[in-house]
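The lines below spell out each chain.
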Amino acid sequence: MGETIKLPKGLKLGKDVRTQYGALCYRMVRGEPQVLLVTSRTRRRWIIPKGWPMRNIAPERAAGIEAWEEGGVRGKAEERCIGVYSYTKLGHNGEEERPCAVWVFPIKVKSLAKDFPERTQRRRKWFSLKQASKKVAEPELREVLRDFKPRRAR
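Residues numbered from 1 in each chain as written. Predicted model: local features only at pLDDT ≥ 70, side-chain atom pairs only at ≥ 80, totals over all residues. Heavy atoms only, no water.

(A) Structural context of the overall build of the chain. If you tally the helices and strands in the chain, you get three helices and eight strands. Each helix and strand of the chain, ordered N terminal to C terminal, gives the series β-β-β-β-α-β-β-β-β-α-α. In the chain, the share of contacts with a sequence separation of at least 24, taken over all contacts with a separation of at least 6, comes to 73%. (Helix = DSSP H or I, 4+ residues; strand = E, 2+ residues; numbered from the N terminus. Contact = heavy atoms within 4.5 Å.)

(B) Highlighting the environment of V29. Residue placement: V29 occurs in strand β1 (residues 18–29). Residue classification places V29 among the partly exposed positions, given a relative accessible area of 23%. As a C-alpha pair, V29 and S128 span 99 residues in sequence and 9.5 Å in three-dimensional space. (Buried < 20%, exposed > 50% of the residue type's maximum accessible area, 1.4 Å probe, protein only.)

(C) Looking closely at the nonpolar core. L24, V35, L37, Y85, V104, L141 and L145 are the most contacted members of the largest nonpolar core, which totals 19 residues. The set of elements that each furnish at least two residues to this core consists of β1, β2 (32–39), β6 (83–89), β7 (98–112), α2 (129–135) and α3 (139–147). Other than its neighbours up to four places away in sequence, L145 contacts L24, V35, L129, A132, S133 and V136. Grouped together as the second largest cluster of nonpolar side chains are 18 residues, A23, C25, A67 and W126 included. (Core = buried A, V, L, I, M, F, W, Y, C linked by side-chain atoms within 4.5 Å.)

(D) Looking closely at helix α1 (residues 59–71). Compared with the 18 Å implied by 1.5 Å per residue over 13 residues, the 18 Å span of α1 between its first and last C-alpha is a close match. Of all the positions in α1, only E60, A62, A63, G64, I65, E66, A67, E70 and G71 are classed as buried. In the segment just after α1, G72 is the residue with positive phi, at about 70 degrees. (Expected span 1.5 Å × (residues − 1).)

(E) Molecular detail of α3. All of the buried residues in α3 are L141, V144 and L145. End-on view of α3: buried residues confined to an arc of 95 degrees, all on one side of the axis. Away from its buried face, by an angle of more than 90 degrees, α3 presents the exposed residues P139 and R146. Summarising the contacts, the buried residues of α3 are in contact with β1, β2, β6, β7 and α2. (Arc of directions from axis to C-beta.)

Function cannot be inferred from these measures alone, as they are strictly geometric.
Below is the structure:
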């Protein structure tokens with residue numbers, strides 16, 4: 001990754017904190033970035049696509065797979081992690097709640113598919129960075145969104 005990532009206050013990685021990889025999916029409109037948010041499946045909150053690590057798959061690639069499955073995003077994830085945020089994942093069927101740390105990777109969206117794996121389970125919508133930061137519940141994710149600056153095309 002090469003860049004130093006600041007962990008959210010009070011968060012210590014260890015066996016009790018699960019790691020996930022998230023995708024900050026963006027496009028440029030009139031020189032300004034817009035971010036694609038999707039709804040969570042159960043509580044219908046606005047979130048970024050995210051999921052668990054995958055064996056033999058780089059973190060940024062795993063984030064790209066989640067962006068495809070949850071939002072129909074076609075694009076390439078950058079290798080740089082732009083931030084980390086924490087949240088508590090609610091357990092299913094009597095499972096305990098789990099603290100999670102989500103490593104966020106930007107993906108410049110080339111296109112959106114109409115047909116994608118979770119299309120019947122989620123909504124997706126474009127927001128300005130300011131709007132998106134107000135829609136998400138996690139304070140550290142709000143900060144990641146507010147501070148996001150896309151890299152210039154090379």
